[in-house]
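Residue-level structure breakdown
What follows is each chain in one-letter form.
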Amino acid sequence: MLLSQIRIDSMRLSASLERFAQIGATGRGGCNRQALTDADREGRDLYVSWAREAGCAVAVDQIGNIFARRAGSDPGAPPVLIGSHLDTQPTGGRFDGVYGVLAGLEVVRTLNEQRICTRRPIEVASWTNEEGCRFAPAMLGSGVVSGAYELQYAYGRTDRQGARLGEELTRIGYKGELPARRRDYHAAFEVHIEQGPILEKSATTIGVVTGIQGAYWLDVTLKGVAAHAGPTPMEMRRDPWRVACPLISRAFELAAQHAPWGRATIGDLKVMPGSRNTVPEQLVVSVDLRHPQHAELTRMLAAFRQSAQDLAASHQIEVRVEEVWHMPPTAFDTRLIGWIEDSAAQLGYSRQRMVSGAGHDSLHVAQFAPTAMIFVPCAGGLSHNEAEAASADDLAAGANVLLHAALRAAQD
Ligand SMILES: [Zn+2]
């Protein structure tokens, strides 16, 4: 068979996902397979057994990341990496993460069936603790490998009951020996459900993901003077709301000016003292600004800061804008993006370029390997929810694009 004509087995992929969804199954059709629980161990064991059955050599690194390697004809050539995660949210769905790992395994199974030996090895990775719900922060396994986090820092993370990540890794038998650090990869792919509504809304099968949004988390503290709500004339007040109201509007304006990818979210607000008949002395407003392009995001931040200063000065309010967290935008590799787009076109799938609003392991992987992602639609854009759903056809389409993009990279 011509290489261009091979396809993954959609039934086998669906059956594998179905079988996996039984592990940590919740009453409402979802999954609870939080990192390093017994359910996670059961999932890992199943994945390792399937990978071995498919002829892969399995290695586990010091942070519990699992690498299943299918040999290539040139063993010295840097491999092609395909990866995602097997852990879930407490009320997670049956596709977030696990789809990416099992689609990688499906690529291996398909190549075996067709007796295709690629030049480069193919490695399918399952990254530890992507979700970050049991142990913060999220994307920890890939983050340790990229060097964003120290191994000892990761081992010391604790869950709500005080269990340490390092001890939990040992307990479930997945503290491996392979050093958890960067290795040479020729290319890295991750296929994932979109977790948003864009593909479904535009009836598009394949999202060609060009990058991941960057974010700034800010705490804006506005300080005025507390005063009685009755006797104090309006013009004599130093009310921090006089700044907060236009400043919040300004944040939304900035997102609109940077449409369609600009985002502004006011997720939290503290009013002090928080009494209905007192002009507040102080407000703390949380602001989350996002954009996939570094220059644009920086411009949004600068404009926001300037507005905060100007408004505060004109209302005699003290202002402090504090950066709580920053995630730089990730731009994926243009060559890989092209391969994904070409593969989707050759397979006859509708496609569109887009950015990811959510973080993924690929964010860290992109720090040490040329990386790109493939999205498929999910029903109603719903994710981190037991009702998460994706059609078998779309899941197969994403895996076929993955297969052909990975093949292209593996022969490159
Ligand atoms: Zn995920």
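Residues numbered from 1 in each chain as written. Predicted model: local features only at pLDDT ≥ 70, side-chain atom pairs only at ≥ 80, totals over all residues. Heavy atoms only, no water.

Re the overall build of the protein chain
- Counting its secondary structure elements, the protein chain contains 12 helices and 15 strands.
- In terms of overall dimensions, the protein chain is globule-like: its C-alpha atoms have a radius of gyration of 24 Å, near the 22 Å expected for 412 residues.
- Principal-axis analysis of the C-alpha atoms gives the protein chain an extent of 85 × 45 × 40 Å.
- The buried share of the protein chain, reckoned over its 412 residues, is 55%.
- Across the protein chain, every contact between residues at least 6 apart in sequence was considered, and the portion connecting residues at least 24 apart equals 79%.
- Split by element, the accessible area of the protein chain, about 17,400 Å² in all, is 50% carbon and sulfur.
- When the 41 positive and 46 negative side-chain charges of the protein chain are each reduced to one mean point, those points stand 1 Å apart. (Helix = DSSP H or I, 4+ residues; strand = E, 2+ residues; numbered from the N terminus. Rg over C-alpha atoms; globule rule 2.2 N^0.38 Å. Buried < 20%, exposed > 50% of the residue type's maximum accessible area, 1.4 Å probe, protein only. Contact = heavy atoms within 4.5 Å. Areas by Shrake-Rupley, 256 points an atom, 1.4 Å probe, with all protein chains shown as cover. Lys, Arg positive; Asp, Glu negative; His and termini not counted. Charge placed at Lys NZ, Arg CZ, Asp CG, Glu CD.)

So, the side chain of Glu106
- Relative to the assigned elements, Glu106 resides in helix 3 (residues 98-113).
- Classification of Glu106 as buried rests on a relative accessible area of 1%.
- Non-local contacts of Glu106, meaning those with residues more than four positions away in its chain, are made with Ile8, Asp9, Arg12 and Leu13.

What about the side chain of Ser307?
- Mapped onto the elements of the fold, Ser307 is located in helix 9 (residues 294-314).
- A relative accessible area of 11% places Ser307 in the buried class.
- Excluding residues that lie within four positions of it along the chain, Ser307 makes contacts with Leu247 and Arg250.

Observations concerning the packing of helix 10 (residues 334-347) against helix 12 (residues 392-411)
- Two numbers describe how helix 10 lies on helix 12: the axes approach to 8 Å, and their chain directions differ by 125°. The orientation of helix 10 relative to helix 12 falls into the category oblique. Here helix 10 runs over helix 12; the crossing is right-handed. Residues Trp339, Ile340, Asp342, Ser343, Ala344 and Leu347 of helix 10 pack against Asn400, Val401, His404, Ala405, Arg408 and Ala409 of helix 12.
- Of the residues assigned to the contact of helix 10 with helix 12, the class counts are 7 nonpolar, 3 polar and 2 charged. (Axes fitted to C-alpha atoms, helices over the stretch in contact; angles between N-to-C directions. Parallel < 35°, antiparallel > 145°, perpendicular 65-115°, else oblique. Left-handed = near helix turned anticlockwise from the far one by under 90°. Nonpolar A, V, L, I, M, F, W, Y, C, P; charged D, E, K, R; others polar.)

Re the nonpolar core
- Counting 98 residues, the largest nonpolar core has Tyr47, Ile63, Tyr99, Leu102, Phe189 and Ile206 as the members making the most contacts within it.
- The dominant element in this core, judged by the number of residues it contributes, is helix 12, at 12 residues.
- Not counting chain neighbours up to four residues away, the residues in contact with Tyr47 comprise Phe20, Ile66, Ala68, Leu86, Val101, Leu102, Leu105, Val124 and Ser126.
- Residues Val220, Ile248, Leu283 and Val287 belong to the second largest nonpolar core, which totals 24 residues. (Core = buried A, V, L, I, M, F, W, Y, C linked by side-chain atoms within 4.5 Å.)

A short note on the pattern of salt bridges
- Here the structure, examined in full by the defined rule, presents 23 salt bridges.
- Notably, a salt bridge pairs Arg94 with Glu18, separated by 3.2 Å at the nearest N-O pair. Taken together, the residues span a long stretch of sequence, with Arg94 in the loop between strand 3 (80-85) and helix 3 and Glu18 in helix 1 (residues 10-21) at a distance of 76 residues.
- Taking the relative accessible area as the measure of exposure, Arg94 reaches 24% and is therefore partly exposed.
- Classification of Glu18 by relative accessible area gives partly exposed; the value is 43%.
- The residue Asp288 makes a salt bridge to Arg290 at a minimum N-O spacing of 2.9 Å.
- On the basis of relative accessibility, which here comes to 18%, the residue Arg290 falls in the buried class.
- Within the structure, one salt-bridge network assembled from shared partners comprises Asp38, Arg41, Arg134, Asp159, Glu168 and Arg171. (Salt bridge = Lys/Arg side-chain N within 4 Å of Asp/Glu carboxyl O.)

Points about the sheet that holds strand 11 (residues 282-291)
- Spatial strand order, 9-11-7-12: 4 strands in an open sheet with antiparallel pairing. Two strands lie at the open edges of the sheet, namely strand 9 (263-272) and strand 12 (318-327), each paired on one side alone. Direction aside, neighbouring strands of the sheet carry axes that sit 15° apart on average.
- Where strand 7 (residues 214-223) meets strand 11, 10 bridges bridge the pair, whose relative direction is antiparallel. Among the inter-strand pairings, Val220 is bridged to a residue of strand 11, identified as Val285.
- Lying on the sheet, helix 8 (residues 241-257) is in contact with strand 7, strand 9 and strand 11; it crosses strand 9 at an angle near 165°.
- Seen against the sheet, helix 9 touches strand 7, strand 9, strand 11 and strand 12 and runs at an angle of roughly 160° to strand 11. (Pairing = 2+ DSSP bridges.)

Re the coordination of the zinc ion
- Every protein donor of the zinc ion is listed here as His85 (NE2), Asp96 (OD) and His192 (NE2), and their distances to the metal cover 2.0 to 2.2 Å.
- All donors of the zinc ion come from a single chain, and their spacing in sequence reads H-x10-D-x95-H. With His85 in strand 3 and His192 in strand 5 (residues 187-193), the pair connects residues that are 107 residues apart, well separated along the chain. An identical accessibility class is assigned to His85 and His192; each is buried. (Donors = N, O, S within 2.8 Å, 3.2 Å for Na, K, Ca; no water.)

Quick notes on the pairing of strand 6 (residues 206-212)
- The element strand 6 is largely enclosed, with a buried count of 6 among its 7 residues.
- One ladder, built from 6 bridges, connects strand 6 with strand 14 (residues 351-356); its direction is parallel. Bridge pairing links Gly211 to Val355 in strand 14.
- Pairing analysis gives 3 bridges linking strand 6 to strand 15 (residues 371-376), with the strands arranged antiparallel.

So, to be careful, I would describe these as geometric facts and stop short of saying anything about function.
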